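# Structural overview
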Amino acid sequence: MEKVIEAFSDRLLAQIDSKKSFVVAGLDPEYLKIPIVFRKKHARKFGNTLTAVGKSIVAFNKCIIDIVAPLVPCVKPQIAFYEMYGLEGLKAFVDTVAYAKKRGLIVIEDAKRNDIGHTARAYSNGHLGMVDLGSAPEQPIFDVDSITVNPYLGSDSISPFLKSIEKYGKGIFVLVKTSNPSSVDIQDLVLREGNIRLFEHVATLVHEWGKGSIGSRGYSSVGAVVGATFPQHATNLRKMMPQALFLVPGYGAQGASGKDVVNCFNKDGYGGLISASRSINYVHGNDLNISKDSFKNFVRTAVDNMNNDINKSLMVKGLLPW
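Heads up: these notes are all about the structure in this document. Just so you know, these numbers come straight off a predicted model, no measurement behind them.

Positive charge collects at one region of the surface, where K40, K41, R44, K45, K55 and K292 lie side by side. For the positive patch, the element with the highest residue contribution is helix α2 (residues 40-46), accounting for four residues. Mapped onto the fold, K292 is located in helix α13 (residues 292-316).

This model, assessed by the stated rule, comprises 10 aromatic pairs. Here F22 and W322 contribute two aromatic rings whose centre-to-centre distance is 5.1 Å and whose plane-to-plane angle is 15°, an arrangement assigned as stacked. Of this pair, F22 sits in the loop between α1 (8-19) and β1 (23-27) while W322 sits in the segment after α13, and the two are 300 residues apart along the sequence. With relative accessibility at 1%, the residue F22 sits in the buried group. Assessed through its relative accessible area of 31%, W322 is described here as partly exposed. Considering the side-chain rings of F93 and F142, the 5.6 Å spacing of their centres and the 75° angle between planes classify their relative orientation as edge-to-face.

Once that is clear, we can look at the pattern of salt bridges. All chains considered together, the criterion is met by 13 salt bridges. The salt bridge involving K76 is made with D110; its shortest N-O contact spans 3.0 Å. On the criterion of sequence distance, the pair formed by K76 in strand β2 (residues 74-77) and D110 in strand β3 (residues 106-113) is long-range, its members being 34 residues apart. By the burial criterion, K76 is buried, and D110 matches it. Two residues, R113 and E83, come together in a salt bridge whose shortest N-O distance is 2.6 Å. One end of the pair, R113, is in strand β3; the other, E83, is in helix α4 (residues 80-83), with 30 residues separating them in the sequence. A relative accessible area of 13% means that R113 is categorised as buried. Among the residues examined, E83 registers a relative accessible area of 37% and is labelled partly exposed. Among the charged side chains, a network of salt bridges with common partners joins K76, D110 and K112.

Its boundaries defined by the atoms lining it, the largest pocket holds a volume of some 430 Å³. Forming the boundary of the largest pocket are 26 residues, of which K76, D110, P249, Q254 and S277 lie nearest the centre. When residues of the lining of the largest pocket are traced back to their parent elements, those giving at least two are β3, β10 (272-276) and α12 (278-281). Here the element with the most residues in the lining of the largest pocket is α12; it accounts for three residues. Of the residues in the lining of the largest pocket, the class split is nine nonpolar, 11 polar and six charged. By volume, the second largest pocket amounts to about 310 Å³.

Calculation rules
- Residues numbered from 1 in each chain as written.
- Predicted model: local features only at pLDDT ≥ 70, side-chain atom pairs only at ≥ 80, totals over all residues.
- Heavy atoms only, no water.
- Patch = residues over 30% accessible without salt bridge, like charges linked within 9 Å, V, L, I, M, F, W, Y side chains within 5 Å.
- Areas by Shrake-Rupley, 256 points an atom, 1.4 Å probe, with all protein chains shown as cover.
- Salt bridge = Lys/Arg side-chain N within 4 Å of Asp/Glu carboxyl O.
- Lys, Arg positive; Asp, Glu negative; His and termini not counted.
- Charge placed at Lys NZ, Arg CZ, Asp CG, Glu CD.
- Helix = DSSP H or I, 4+ residues; strand = E, 2+ residues; numbered from the N terminus.
- Phe/Tyr/Trp six-rings, centres within 6.5 Å; stacked < 30°, edge-to-face > 60°.
- Buried < 20%, exposed > 50% of the residue type's maximum accessible area, 1.4 Å probe, protein only.
- 1 Å grid on protein atoms, 1.4 Å probe; cavity = no way out; pocket = protein on both sides within 12 Å on 5 of 7 lines; lining within 4 Å.
- Points joined across faces, edges and corners; volume = space filled by probe spheres on them.
- Nonpolar A, V, L, I, M, F, W, Y, C, P; charged D, E, K, R; others polar.

Below, the structure is given as structure tokens:
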């Protein structure tokens, strides 16, 4: 009997309901900002080396994952913060993904990957799917649940990811309207054909790309990245992509709050995933000598406050689904 593969969107929504949370906890480690308590053992053993960096990152991430696992549905490691430390950083990324999944969290890799079709297939196989080893069985490599992708090479560059969604039950989040201020330089350009902005045209493509992966709860496994720092656009984008889950960066350190993200949700109270990294990872500020217990308390409080802020903002609008 053929195994039924559960849609990524259904798995994610089940986690949201279980945790009563729409928060995505970023995992963006910068070695010199990590409290010394996570670094000192590895520095003593390996010295001032990339090996010590990689092991310190894993220790730091595991601590955060243990705190947030009961509180949020997913984590989002940004691979740039691992790649910059070379092979040891990538090992830390692999270990972080495996540990988060072991703790029952969904992993969204923030990589913004894409290229022409042939290369996009390699990205999709390596991050979402399986790699053919010839006579040996295919095997997963990074094996994340979902990945952010850049749509600006067109539909043939997205197609390999759509195949991984169907075959492996994975997901993607397509960049539509990003949270950085200078996104307006390109994404807000008005197209002569249709008299719409570029990011709105991308939204229509996301809606089309997602039609083939609608889960049992009515949401697609093709989601959209929609920045919280541009709340004025969220209402229209939600209408244009009613079946897409929105991954919403910009909360916390970038200035957005719960009231800025409510327009990213549908009338059923779902559809938004609100991401924060710096305001969770570095709640200790410049206090690198903070104790592990104090750090844990700060992280837990930051996540609790974020959950409460978002849920309260949804409740005020009559959108809280529980």
